[in-house]
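Here is what each chain is made of, one letter per residue.
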Amino acid sequence: MRDRMRDFFMLWIAVGAMACLGGCSSLPDNPTLSEQLPSIFPDYVGVTIPATIAPLNFTVYGEHEAMDVVVRGAKGGELHANGDYADFDIDAWHQLTTQNKGAVLTFTVCVKRDGAWTQYRDFNVDVSADELDEWGVTYRRIPPGYEVYGKMGLYQRDLSTFDESPILENTAVPGACLNCHMSNRTNPSQFTFHIRGDHGATLLQHEGQVELLKAKNDSLGGSMVYPYWHPSGQYVAYSTNKTNQSFHAVRDERIEVFDHASDVLIYRPATHEILFDSIVGTKEHYENYPVFSPDGKTLYFCSAETKEIPSGYKDIKYNLCKIGFDPEKGLFVGQVDTIFNARMMGKSANHPRPSYDGRFLLFTLSDYGCFPIWHKEADQWLLDLQTGEARALDEVNSDQTDSFHNWSTNSRWIVFTSRRGNGYYTNLYFTHVGKDGRMTKPFLLPQRNPWAYYDETLYSFNTPDFAKAPVQLDARAVANTILSDERVATVLRRQE
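All of the points below concern the structure found in this document. This one's a predicted model, so the numbers in the text were calculated from it and none came from an experiment.

Here we come to the pattern of salt bridges. For the structure shown, the criterion picks out 14 salt bridges. Residues R448 and D87 are paired through a salt bridge, measuring 3.4 Å at the closest nitrogen-oxygen approach. Within this pair, whereas R448 is found in the loop between β32 (443-444) and α3 (450-456), its partner D87 is found in the loop between β6 (78-83) and α2 (90-99), the two being separated by 361 residues in sequence. Owing to a relative accessible area of 38%, R448 belongs among the partly exposed residues under this scheme. For the salt bridge of E305 with K307, the shortest nitrogen-to-oxygen distance reads 3.8 Å. The partly exposed category is assigned to E305, whose relative accessible area is 38%. Relative accessible area serves as the criterion here: at 32%, K307 is assigned to the partly exposed category. Residues joined in a network through salt bridges with shared partners are E305, K307 and R343.

Pasting the structure below:
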């Protein structure tokens, strides 16, 4: 009797499951063909992706009862998704992209509205033959509040999946702002970032050790921010800044951050020395955003003439400059040379980032100042270091803010921030870079359910960088040290 009851129960479950499968799924039936491309979010039509990127899940705009998407590879393979939005299986997606590396994926999208199906014109996605060797990206997520930090932190994301984890959140360090992080050529074993607030410090992870440097050197007067590692790992370039922020009473302008003073310096972790040279620390100029060349023999940075603050803040316009550096002696060499004169254009150049192959230098161009992330006119520009020619990246830029950026180690991909979604929040976008510097249509960082994620999030992404591997940081131990008085003092060494 018990066995018969069990068999009946299992049969009932099987019948119910089949009924649900037949009634809950909705497959295209005699769809009406449309010559229009589907209107999808995110807009992945015609983008170029690395084979290792997470599935390009998407939805269609407007009310709909169901979606059906078939993806076919030019070199073979097929993938199917059906439901409220296109939600592809991660393993099957990577099998398809790997099989079609250097080829094209074709997407066929059908949408059901008012009981009827429409099949839209197919669109393609190119799978680049160029690898994205990095495991993921690191970034800061912060709510768009200006005086109160709220919950924010540094996070990392596996680019092949949708897995995100915190590196350090300020819930562990109340009242702190975590910012300006950077690893050495995407290597997280050499990692640094700044902590602003009552427990201010500059964290440095190097050779398996974590140190918290005093936030301010009394001889400099400012904090150590905007870092960039020397390729040898023996030095880190910082700028020391005295910043302030103000608010606009103009609708299209919201917030301005400007320097009262800023200089460039070099820190040597092995000796805790700060190299300071008056040639890159003048009273007549603001020096900012230092970065080393891939061979470590040149330091690029931004420089602007000092102005009356706040009355002259719109007259602050930065040029891109360079100076030689001797890594054997730890000294600056030669004189400062201007490599891009933005001031002559009535513009301001910031955020220089040289490609790791030494060919290009990526930067942000805006109307004025050193903090273009709230400047609607801010665009991405590319300087060819071989020819000296610079151009606006029209194939990448939007009519909203396009700002902070970093390169992959093979110099074939960049990640950057943009407000092109709604004008308020910065999100992460990726693009492929050809050997000639031409870039492809950017694509938004994929999410499992992109519409729900980006519609509901209250955070902006900024200061992104690629990561070869996850950052290994003992968040609890670091938070306890930040809250303590334990700090490593630095020694100033002047070069005259």
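Anyway, onward from the coordinates.
Strands belonging to one sheet form pairs held by backbone hydrogen bonds; the direction of such a pair is parallel or antiparallel. Pairing is antiparallel across the open sheet formed by 4 strands, whose spatial order is β21-β22-β23-β24. Two strands in the sheet have a free side with no partner beyond their single neighbour: β21 (285-292) and β24 (331-340). If you compare each strand with its neighbour and ignore which way they point, the axes differ by 30° on average. Alignment of β21 against strand β22 (residues 298-305), held across 6 bridges, turns out to be antiparallel. Paired with H285 across the strands is E305, a residue of β22.

Here we take up α2. Taken together, the buried positions of α2 are I90, W93, H94, L96 and T97. Each buried residue of α2 lies within a common arc of 160° when the element is viewed along its axis, so the set occupies one face. Seen from the buried face of α2, the exposed residues on the opposite side, beyond 90 degrees, are D91 and Q95. Tucked inside the fold, the buried residues of α2 contact β3 (48-49), β5 (66-73), β6, β7 (104-113) and β9 (123-127). Of the residues that open α2, the one with a side-chain oxygen 3.2 Å from the backbone nitrogen of D91 is D89.

Within the span of helix α4 (residues 475-483), buried status applies to V478, A479 and I482. Angularly, the buried residues of α4 cover 100° about the axis, an arc narrow enough to put them on a single face.

Quick look at the sheet that holds strand β29 (residues 402-407) now. Across the sheet, 4 strands lie side by side as β29-β30-β31-β32; this open sheet has antiparallel pairing. The two strands at the open ends of the sheet, each matched to only one other strand, are β29 and β32.

A cis amide bond links F41 to the next residue, P42, at an omega of -10°. In this structure, P42 sits in the loop between β2 (40-41) and β3. Its identity as a non-glycine residue notwithstanding, Y226 has a phi of 50°, on the positive side. Within the fold, Y226 resides in strand β17 (residues 223-229). On the accessibility criterion, Y226 (18% relative accessible area) is buried. Phi is positive for Y289, close to 50°, though the residue is something other than glycine. With respect to the helices, strands and loops of the structure, Y289 is situated in strand β21.

All right, on to the packing of aromatic side chains then. Under the defined criterion, the tally for this structure stands at 23 aromatic pairs. Ring centres of F41 and W451 lie 5.4 Å apart, and the angle between their planes is 90°; this geometry places the pair in the edge-to-face category. Separated by 410 residues along the polypeptide, F41 in strand β2 and W451 in helix α3 bring together distant segments of the chain. Judged by its relative accessible area of 17%, F41 is buried. Overall, the relative accessible area of 41% leaves W451 in the partly exposed class. Where F88 meets F107, the ring centres are 6.4 Å apart and the plane angle is 75°; that geometry is what we call edge-to-face. Within this pair, whereas F88 is found in the loop between β6 and α2, its partner F107 is found in strand β7, the two being separated by 19 residues in sequence. This pair shows no difference in class: F88 is buried, exactly as F107 is. Members of the aromatic cluster, connected to one another through ring pairs, are F41, Y61, W451, Y453 and Y454. When the ring centre of Y155 is taken as reference, the NZ or CZ atom of R141 above it lies at 4.2 Å. Just above the ring of W374 sits the side chain of R419; from NZ or CZ to the centre is 3.7 Å.

Parameters at a glance
Residues numbered from 1 in each chain as written. Predicted model: local features only at pLDDT ≥ 70, side-chain atom pairs only at ≥ 80, totals over all residues. Heavy atoms only, no water. Salt bridge = Lys/Arg side-chain N within 4 Å of Asp/Glu carboxyl O. Helix = DSSP H or I, 4+ residues; strand = E, 2+ residues; numbered from the N terminus. Buried < 20%, exposed > 50% of the residue type's maximum accessible area, 1.4 Å probe, protein only. Pairing = 2+ DSSP bridges. Axes fitted to C-alpha atoms, helices over the stretch in contact; angles between N-to-C directions. Arc of directions from axis to C-beta. Contact = heavy atoms within 4.5 Å. Polar contact = N/O pair within 3.5 Å; in protein donor to acceptor, adjacent residues only side chain to side chain. Phe/Tyr/Trp six-rings, centres within 6.5 Å; stacked < 30°, edge-to-face > 60°. Lys NZ or Arg CZ within 6 Å of the ring centre and 35° of its normal.

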